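Residues per chain are reported as follows:
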Amino acid sequence: MTSEHVVSVTKQEVRNRRVMYIPGYDPVPPRKYRERYRVQSARQAALSGYRIDMLKPQETARFGWHLIAHMDGQDTRTEIEVMYWADIVRSSLSPSILLTYVQLLGTAWTYIGSGALFRLMRLRKGPVIAALYPVVVLLAQAALAISLGGVVYTGLLLSGFAALEVVHDDPVGRPYDIVLLALSVAGGLVGAGAFLRWCQRRDHVLAWYLMHDYAFSAQHAGAYPPAQEARMAEFADRIAEALTDDIDELLIVGHSSGAYLAISILADVIRAGRVPAGGPALGLLTLGHVVPMVSFLPEARRLRADLAYLSTREELTWVDVTAPGDGCAFALCDPVSVSGVAPEGKRWPLVISAAFSQTLRPETWRALRWRLFELHFQYLNAFDNLPGQPDDYDYFRITAGPLTLATRFATRPASKSRIERPENRFTDLAA
């Protein structure tokens, strides 16, 4: 980076900030995010020479924490709230093995039948492979279960006939043959089912979890489920309420599938005229987005309209951060442009790279490179090899430091490697 990208880090624009973090499809409770922030902020502070003190949350945050950051000679207070929808996620994690396989078939048909899968592969193969991975794993487990069930069935049948031959000279054709056959079939089914139940409960490879994730996004072919729409409306009310508080910045952070939720929620808030003139600076930070996985589906008219609308608005600053090393995200893909809905006057988002291979030490990068799930969360973690420029991606300076999102990235150029070509077959918008 050259000196023309440098902004002053000694002035203080933000003394009080609210951060509303919208997680992706994740069933974990908010305290897990609090613990990640506590550990990783302390690590980044030690690396970067600042201090962050975490305190008990104030009454305004339902699921969150309060902190005071001491950076560049300035003290900034920040209230961070996790926008809770893990209950919706948990309710979609079906315990039924049969239903999961039905969802597998339905999800595959949604993406393949609509042509979305092939268009997504033109953008980034990594997240598409990540989407196909649970399908392959679950089908392989089903094949193993069938094989195991066949072994159990054959073993029971042969051992049963052997036992009957000892008791009867000619057991063939007797009524208990039907009973033996039924018991053998039942044993095979129980064996196959027990194996699949074991795979589901010991889901160390996260295949079952990821299958539910993609099925959740595809269940309405890109339209938001009613329960999610209702929760998004609650989030919009929380954001509108925060915009009337005595704060200097309201920062909305959307991670993974939480990124497209944040886009739609903020579009609703602005469209409804709920951003007051002279209110706090409004920022949107999207991290590791998977927007095309939804916007490329036929019924995602609402999301496509929100993308087009938000990309032109002056009420906010929108910065999108991804990294080519994150195989679960559509790295450096401008979510508006690739979705084919970029309007005239488009100004957002600013697409930049977290560049894991450069901002992490070689040994850290090597250790993380194949931990795909943790890499997808690296945006929320410390970076141990930051170049030291004022506009570097540092999650903790952004969420706790003395500058607004707008000022911090005011002179940061968009990544030269960003992808803007429209690949979406479906570009119609909600009215």
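Only a predicted model underlies this, so the values are computations on that prediction, with no experimental measurement involved. (Residues numbered from 1 in each chain as written. Predicted model: local features only at pLDDT ≥ 70, side-chain atom pairs only at ≥ 80, totals over all residues. Heavy atoms only, no water.)

Peer 1: I would appreciate a short explanation of the overall build of the protein in the present structure.
Peer 2: When helices and strands are counted, the protein shows 17 helices and 8 strands. In terms of overall dimensions, the protein has a C-alpha envelope of 100 × 50 × 40 Å along the principal axes. Burial statistics for the protein: of 431 residues in total, 54% are counted as buried. Summarising the internal contacts of the protein: among those between residues at least 6 apart in sequence, 77% fall at separations of at least 24. Placing the 44 positive and 43 negative side-chain charges of the protein at their respective mean positions leaves the two points 3 Å apart. (Helix = DSSP H or I, 4+ residues; strand = E, 2+ residues; numbered from the N terminus. Buried < 20%, exposed > 50% of the residue type's maximum accessible area, 1.4 Å probe, protein only. Contact = heavy atoms within 4.5 Å. Lys, Arg positive; Asp, Glu negative; His and termini not counted. Charge placed at Lys NZ, Arg CZ, Asp CG, Glu CD.)

Peer 1: Would you mind going over the state of the cysteines with me for this structure?
Peer 2: Inspection of the entire model under this criterion finds 0 disulfides. Looking at cysteine 333, it has no disulfide partner, and the nearest cysteine sulfur is the one in cysteine 328, 14 Å off. The buried category is assigned to cysteine 333, whose relative accessible area is 0%. (Disulfide = S-S within 2.5 Å.)

Peer 1: I'm lost on unusual backbone geometry in this one. Help?
Peer 2: Among all residues except glycine, the phi angle is most often negative; among peptide bonds, the trans geometry is most common. With an omega of 0 degrees, the peptide bond between tryptophan 348 and proline 349 qualifies as cis. The topology assignment puts proline 349 in the loop between helix H12 (335-338) and strand E8 (350-353). The backbone of alanine 221 shows a phi angle near 55 degrees, a positive value even though the residue is not glycine. The residue alanine 221 is located in the loop between helix H7 (207-218) and helix H8 (226-242) in this model. For alanine 221, a relative accessible area of 17% corresponds to the buried category.

Peer 1: What should I look at first to understand the pairing of strand E1 (residues 16-22) in this one?
Peer 2: Successive residues of a regular strand alternate their side chains across the two faces of the sheet. Of all 7 residues in E1, 6 are buried, a share of seventy percent or more. Relative to strand E4 (residues 74-82), E1 is paired through 6 bridges, and the arrangement is parallel. What sits directly across from methionine 20, in E4, is glutamate 81. Taken together, the 6 bridges between E1 and strand E5 (residues 249-255) define a ladder with parallel strand orientation. Of the residues in E5, the one forming a bridge with valine 19 is leucine 251. (Pairing = 2+ DSSP bridges.)

Peer 1: Is there a simple way to explain the sheet that holds E5 in this structure?
Peer 2: The strands that make up a sheet are held in pairs by hydrogen bonds between backbone atoms, and each pair lies either parallel or antiparallel. Across the sheet, 8 strands lie side by side as E2-E3-E4-E1-E5-E6-E7-E8; this open sheet has mixed pairing. The open sheet has two edge strands with one neighbour each: strand E2 (51-55) and E8. If you compare each strand with its neighbour and ignore which way they point, the axes differ by 20 degrees on average. The sheet contacts of H8 involve E1, E4 and E5, and relative to E1 the element is tilted by about 170 degrees. Contacting E1, E5, strand E6 (281-287) and strand E7 (317-322), helix H9 (residues 257-271) crosses the sheet at an angle of about 140 degrees to E5. (Axes fitted to C-alpha atoms, helices over the stretch in contact; angles between N-to-C directions.)

Peer 1: Just to check I follow, could you spell out H9 for this structure?
Peer 2: The end-to-end C-alpha separation of H9 is 22 Å, in line with the 21 Å expected for 15 residues at 1.5 Å each. Burial of H9 is extensive: 13 of the 15 residues sit out of reach of the surface. Trailing H9 by a residue or two, glycine 273 shows a phi angle of about 70 degrees, which is positive. (Expected span 1.5 Å × (residues − 1).)

Peer 1: Is there a simple way to think about the packing of aromatic side chains in this case?
Peer 2: Pairs of aromatic rings are described using the distance from one ring centre to the other and the angle between the two planes. Going through the model one piece at a time under the given rule, you end up with 19 aromatic pairs. Ring centres of tyrosine 25 and tryptophan 85 lie 6.5 Å apart, and the angle between their planes is 70 degrees; on these two criteria the pair is classed as edge-to-face. Residue tyrosine 25 is found in the loop between E1 and helix H1 (30-48), and its partner tryptophan 85 is found in the loop between E4 and helix H2 (86-92); the two are separated by 60 residues along the sequence. Taking the relative accessible area as the measure of exposure, tyrosine 25 reaches 3% and is therefore buried. For tryptophan 85, a relative accessible area of 3% gives the class buried. (Phe/Tyr/Trp six-rings, centres within 6.5 Å; stacked < 30°, edge-to-face > 60°.)

Peer 1: Quick question: what am I supposed to make of the pairing of E8 here?
Peer 2: Burial along E8 is two-sided: Leu350 and Ile352 and Val351 and Ser353, pointing in opposite directions, are all buried. Relative to E8, E7 is paired through 4 bridges, and the arrangement is parallel. Across the sheet, the residue bridging to valine 321 is isoleucine 352, located in E8.

Peer 1: Where do I start with a nonpolar patch on the surface in this structure?
Peer 2: A cluster of nonpolar residues, Leu98, Leu99 and Val102, forms a patch on the protein surface that exposes about 290 Å² of accessible area. On the accessibility criterion, leucine 99 (39% relative accessible area) is partly exposed. (Patch = residues over 30% accessible without salt bridge, like charges linked within 9 Å, V, L, I, M, F, W, Y side chains within 5 Å. Areas by Shrake-Rupley, 256 points an atom, 1.4 Å probe, with all protein chains shown as cover. Salt bridge = Lys/Arg side-chain N within 4 Å of Asp/Glu carboxyl O.)

Peer 1: Sorry if this is basic, but what is going on with the environment of alanine 42 here?
Peer 2: Note on placement: alanine 42 falls in helix H1. For alanine 42, a relative accessible area of 45% puts it in the partly exposed group. In sequence terms alanine 42 and phenylalanine 396 are 354 residues apart; their C-alpha atoms lie 9.6 Å from each other.

On their own, these measurements won't tell you what the molecule is for.
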